[in-house]
Amino acid sequence: GVQALLRKLQSLVEVPGRLRRWAAPGAEPARALRCHARARAVLRHYRHLPSFRAIEDESHAIMADLAQRLRARLRDETLDPKELTECVEMLLQLEEPPEELCEEFLSHAGARLEAELAALEAELPPADPSGTATTPPPASDILDFVDRGSSAFVGNLCLLAASYRSLFEGRPGAGDGRLEAFAATLTTHYFELLERRLALERGLGDTSLLVRALDRFHRRLRALLELLPAAGAEAGAALVARAARERVDRYLRALQTFFLGCLGDVRQALAAPRPPGKEGPGLPDLLATLASSVLGQLKAVLAYVQLFTAKDVAFASLPYFKGEFCVEAVREGLVVAFVRWLCRTARGFADGPAERGAPAAPPALLLLLARLCLDYEATTISYILTLTDEQFPPQDTGPAVTPGPALCAEARGAAQRLLDHYVQVQGAAVAQMLRKSVETRDWLGTVEPRNVRAVMKRVVEDITAIDVQVGQLFEEGVRRAQSSDSSRRAFSVYSSSRAPGRYAPSYTPSAPMDTHLLSNIQKLFSERIDIFSPVEFNKVSVLTGIIKISLKTLLECVRLRTLGRFGLQQVQVDGHYLQLYLWRFAADERVVQGLLDEVAASAAHRCLDPVPMEHSVVELICERG
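Conventions we followed
Residues numbered from 1 in each chain as written. Predicted model: local features only at pLDDT ≥ 70, side-chain atom pairs only at ≥ 80, totals over all residues. Heavy atoms only, no water. Helix = DSSP H or I, 4+ residues; strand = E, 2+ residues; numbered from the N terminus. Buried < 20%, exposed > 50% of the residue type's maximum accessible area, 1.4 Å probe, protein only. Contact = heavy atoms within 4.5 Å. Areas by Shrake-Rupley, 256 points an atom, 1.4 Å probe, with all protein chains shown as cover. Core = buried A, V, L, I, M, F, W, Y, C linked by side-chain atoms within 4.5 Å. pLDDT = per-residue confidence, 0-100. Axes fitted to C-alpha atoms, helices over the stretch in contact; angles between N-to-C directions. Parallel < 35°, antiparallel > 145°, perpendicular 65-115°, else oblique. Expected span 1.5 Å × (residues − 1). Salt bridge = Lys/Arg side-chain N within 4 Å of Asp/Glu carboxyl O. Phe/Tyr/Trp six-rings, centres within 6.5 Å; stacked < 30°, edge-to-face > 60°. Lys NZ or Arg CZ within 6 Å of the ring centre and 35° of its normal.

Attention shifts here to the overall build of the protein chain. The secondary structure content of the protein chain amounts to 20 helices and zero strands. Looking at the protein chain as a whole, 45% of its 625 residues qualify as buried. For the protein chain, long-range pairs separated by at least 24 residues make up 83% of all intrachain contacts whose partners lie at least 6 apart in sequence. When the accessible surface of the protein chain is totalled, it reaches about 31400 Å², and 55% of it is carbon and sulfur.

Written out as structure tokens, the structure is:
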């Protein structure tokens, strides 16, 4: 026992020498601390003895000198996180105040993390609040930027948090939320930098690259949040959600640009000159190309957007991507918004006035867009919505969605407006020819008619061409049963119901009948003809609308002219020619006959010498024409 006691006393006597040797600069301070820790309790216990007090004072002086050198080393900016942790840990073992060490630890680590953020910020162009400056493309892609930010900044912040917890957990004055506030400030700055970098992704680029970058960011952030739950979980999730929504919005704008480009191609194909003997693509081919291109592009966009909800993507488990993203961003913000925009754009060709100097939309384009909107109403919209709901299933408790029938009603309304406008445009074109032919002719001094006027042949040719054009895209439609002699119907200045015939056998020019009165009486018992009524989606209805506008214009122009005998007879010949060929295009031949009867009656009323031409002569002239 005496020898053991002597060995202990010997080791206590040797403590200052050992401390001096191990605590020297460049030596082993950790061994010095362990040696001091073992001897400290004994030296304090026997401090009242002079010899032990001298050993303790000398040991204390050596460790105080070590503490000063560790303090100086702590202020060295080149310390890496591991060396910083070791330095602070030794100072804590030397019973330095935890409050001061906590501040110095966070200050040193903060400077290092700020430098890493500054390196990331140096890659970004300066912020431009006005948004007018043109920014050059970034030097590296978004995945590389996120990788460096995650491995350097987020990784070091995780190490810092773990070291801080191991060093200061449970120590007085060091656990009062300092680390959380410190980390929240830095992560907020990092989120701002990442937001600025995401804003530089102007084009669509590679969506899979963006998804991988956001996925890595979210995974590293989740590791940080396990250590520091208050370090910005909501802000990080919101950043990922905003980036995904911004990409969806860009896809919407890209779809709109693509559709306008396809429309430009269609207009160019319609306007391109055709060499003799070579026909261009027909309207059915142009419609099929347009519809398939737009639908294919929309399906490709949905496939790209679906990458945000893939099972192997970490942030796809966030509540936003399970509900709100599928419904509000994709279904409503992309698909429904694009369909509505397409219907508004198509309808704009009929509703909106053309810009000054801009060419009006060709009638064939109006017809094609009307058919496109009608096809969307019939099948395409339901197909697109079903496909979207399968790829992005909405939650039962999610926000309300736009029902399919509402979208179909918008598409049908656009188709109806376009078809009505097509009828008005084509009717106005034919009516313009008829108006000019009536206004530029001398109806008092004209010679006896020998031929049908060329403008009437042109009208029949144009109506026939329109019939062919409309028939390429729309079904035939239903006609009212025709009478057996429609093409041979007698056309004179009196209709069959108002002709004198056997009811006025004594009719002579010296005892004229008041044809104007007869015409007004006839109108009381005839069905009213609505000139600008909405047309149905079939060829017969479209042609009927165009013919009504044309003949109504002819009627109004004749009412404003004064005619001689031969002028009246020319109107009689022209009207019979139109009757021969136009009845077959109309849904009801009585519409054509009724309007032509009014033209003839008005011509007779405006004639100074109303002597009609024999019907056989009229027929002979029309057949020869």
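Let's pick the thread back up.
Among the nonpolar cores identified, the biggest contains 167 residues, and Phe259 and Phe325 are the most heavily contacted of them. Looking at this core element by element, the count peaks at 15 residues for helix H13 (residues 363–391). Not counting residues within four places of it along the chain, the set of residues in contact with phenylalanine 325 comprises Ala244, Val248, Val305, Phe308, Thr309, Tyr320, Val330 and Phe392.

Here the protein chain averages 80 in pLDDT, and 72% of its residues register 70 or above. Scored below 50 in pLDDT, residues 486–490 makes 15 contacts in the model with residues more than four places away or belonging to other chains. For the stretch residues 494–513, pLDDT sits under 50, and the model shows 19 contacts to residues farther than four places along the chain or on other chains.

A word on the environment of isoleucine 384. Locating isoleucine 384 in the fold gives a position in helix H13. Between the alpha carbons of isoleucine 384 and valine 336 there is a distance of 9.3 Å; along the sequence they are 48 residues apart. Apart from the residues lying within four places of it in its own chain, the contact partners of isoleucine 384 are Leu295, Leu298, Val335 and Tyr376.

Next up on the list: the packing of helix H17 (residues 539–559) against helix H19 (residues 589–605). With their axes 8 Å apart at the nearest point, H17 and H19 run at an angle of 10 degrees to one another. As far as their axial angle goes, H19 and H17 are roughly parallel. Across from Ile547, Lys548, Leu551, Leu554, Leu555, Val558 and Arg559 in H17, the residues of H19 making contact are Val591, Val592, Leu595, Leu596, Glu598, Val599, Ser602 and Ala603.

Right, let's talk about the side chain of threonine 544 for a bit. Tracing the backbone through its elements, the reader meets threonine 544 in helix H17. For threonine 544, a relative accessible area of 10% translates into the label buried. Apart from residues no more than four positions distant in its own chain, threonine 544 is found in contact with Phe585, Ala586 and Ala587.

The next subject is helix H10 (residues 283–305). For H10, which comprises 23 residues, the first-to-last C-alpha distance of 33 Å matches the rise-based estimate of 33 Å (1.5 Å per residue) to within 8%. Turning to H10, its buried residues number three or more, namely Leu283, Leu286, Leu287, Leu290, Val294, Leu298, Val301, Leu302 and Val305.

Relative to the assigned elements, leucine 418 resides in helix H14 (residues 404–439). For leucine 418, a relative accessible area of 0% puts it in the buried group. Residues leucine 418 and arginine 371 lie 47 residues apart in sequence; the distance between their C-alpha atoms is 9.1 Å. If near-sequence neighbours (up to four positions away) are discounted, leucine 418 is found in contact with Ala346, Phe349, Ala350, Leu366, Leu369, Ala370 and Cys373.

What follows covers the pattern of salt bridges. Tallying each qualifying case throughout the model produces 26 salt bridges. Note that arginine 242 is salt-bridged to glutamate 195, the shortest N-O span being 2.5 Å. Of this pair, arginine 242 sits in helix H9 (residues 233–271) while glutamate 195 sits in helix H7 (residues 178–199), placing them 47 residues apart in sequence. Looking at arginine 242, the relative accessible area reads 43%, which means it is partly exposed. Since its relative accessible area comes to 30%, glutamate 195 is described here as partly exposed. The partner of glutamate 246 in a salt bridge is arginine 250, and the shortest N-O contact between them spans 3.1 Å. Taken together, the positions of glutamate 246 and arginine 250, both in helix H9 and four residues apart, correspond to about one turn of that helix. One connected set of salt bridges, linked through shared partners, spans Lys552, Glu556, Arg559 and Glu598.

Within this structure, the stated rule accounts for 15 aromatic pairs. Pairing tyrosine 320 with phenylalanine 325 gives two aromatic rings, centres 6.0 Å apart and planes at 55 degrees, and the pair type is tilted. Considered together, tyrosine 320 and phenylalanine 325 belong to a single accessibility category, that of buried residues. Taken together through their ring pairs, the aromatic side chains of Phe308, Phe315, Tyr320, Phe321 and Phe325 make up a single cluster. For arginine 371, the ring lying beneath its charged end belongs to phenylalanine 474, and the centroid distance is 5.2 Å. Looking at arginine 441, its charged tip hangs above the ring of tryptophan 443, at a distance of 5.5 Å from the centre.

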